[in-house]
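Residue strings, one per chain:
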Amino acid sequence: MGACYSVRLKVKLQDEQGAIKALNDHMANNTRANYSLDEYAEQGVTTETFDDLMRIFLAGWKGQEVVIGEAKGFTVYENDFDASYGWEVVLMDMFEVLTPFVKNGSELFMYVENDYDRLVVKNGKCVQEH
């Protein structure tokens, strides 16, 4: 079974290479999640850039691409997709891993089924506001 997700990630990186390395290390050590890296590689999506990592985490398949934009100096990644119920935890863990590498005001907003989660970086810490 799965859930429908609507996700908006707004980040301002202060250490892009550190964020890439931390996310790669996290994915290598997380045996609970299937990131479908072989399937993404077939589509030219790698784990070498931050944009591509966000495509992986936000289920950016061909025909269901992650929209990448900008808002007041932040990069915004958005996508609507279906995934397992456990993907909510994967996204929350991803944002916590990113926290040391992004500026205050970065946030993750996820609408899942009939509820939502909002995590924000404040004073260098990940805070769940809802």
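If charged atoms from side chains of opposite charge come close, those side chains can pair. One pass over the structure, following the stated rule, counts eight salt bridges. A salt bridge links Glu78 to Arg8; its shortest N-O distance comes to 3.8 Å. Taken as a pair, Glu78 in strand E3 (residues 74–84) and Arg8 in strand E1 (residues 2–11) lie far apart in primary sequence, 70 residues in all. The partly exposed category is assigned to Glu78, whose relative accessible area is 35%. Of the residues examined, Arg8 reaches a relative accessible area of 27% and is grouped as partly exposed. Measuring nitrogen to oxygen at the nearest pair gives 2.4 Å for the salt bridge that ties Lys122 to Glu129. A residue is classified by how much of its surface remains accessible, and Lys122, at 40% relative accessible area, is partly exposed. Taken together, the shared-partner salt bridges connect Arg8, Glu78, Glu107, Arg118, Lys122 and Glu129 into one network.

A separate point is the sheet that holds strand E4 (residues 107–112). If you trace the six strands from one edge of the open sheet to the other, you get E2-E3-E1-E4-E5-E6, paired in antiparallel fashion. In this open sheet, the two edge strands, each paired with only one partner strand, are strand E2 (67–71) and strand E6 (125–128). Sheet twist, expressed as the average angle between the axes of neighbouring strands with direction ignored, equals 20 degrees. Taken together, the four bridges between strand E5 (residues 115–122) and E6 define a ladder with antiparallel strand orientation. Bridge pairing in E6 links Lys122 to Lys125. Running at roughly 30 degrees to E3, helix H3 (residues 50–57) makes contact with E1, E2 and E3 of the sheet. Where helix H4 (residues 87–98) meets the sheet, its contacts fall on E1, E3, E4, E5 and E6, and the angle it forms with E4 comes to roughly 175 degrees.

Conventions used here
- Residues numbered from 1 in each chain as written.
- Predicted model: local features only at pLDDT ≥ 70, side-chain atom pairs only at ≥ 80, totals over all residues.
- Heavy atoms only, no water.
- Salt bridge = Lys/Arg side-chain N within 4 Å of Asp/Glu carboxyl O.
- Helix = DSSP H or I, 4+ residues; strand = E, 2+ residues; numbered from the N terminus.
- Buried < 20%, exposed > 50% of the residue type's maximum accessible area, 1.4 Å probe, protein only.
- Pairing = 2+ DSSP bridges.
- Axes fitted to C-alpha atoms, helices over the stretch in contact; angles between N-to-C directions.
- Contact = heavy atoms within 4.5 Å.

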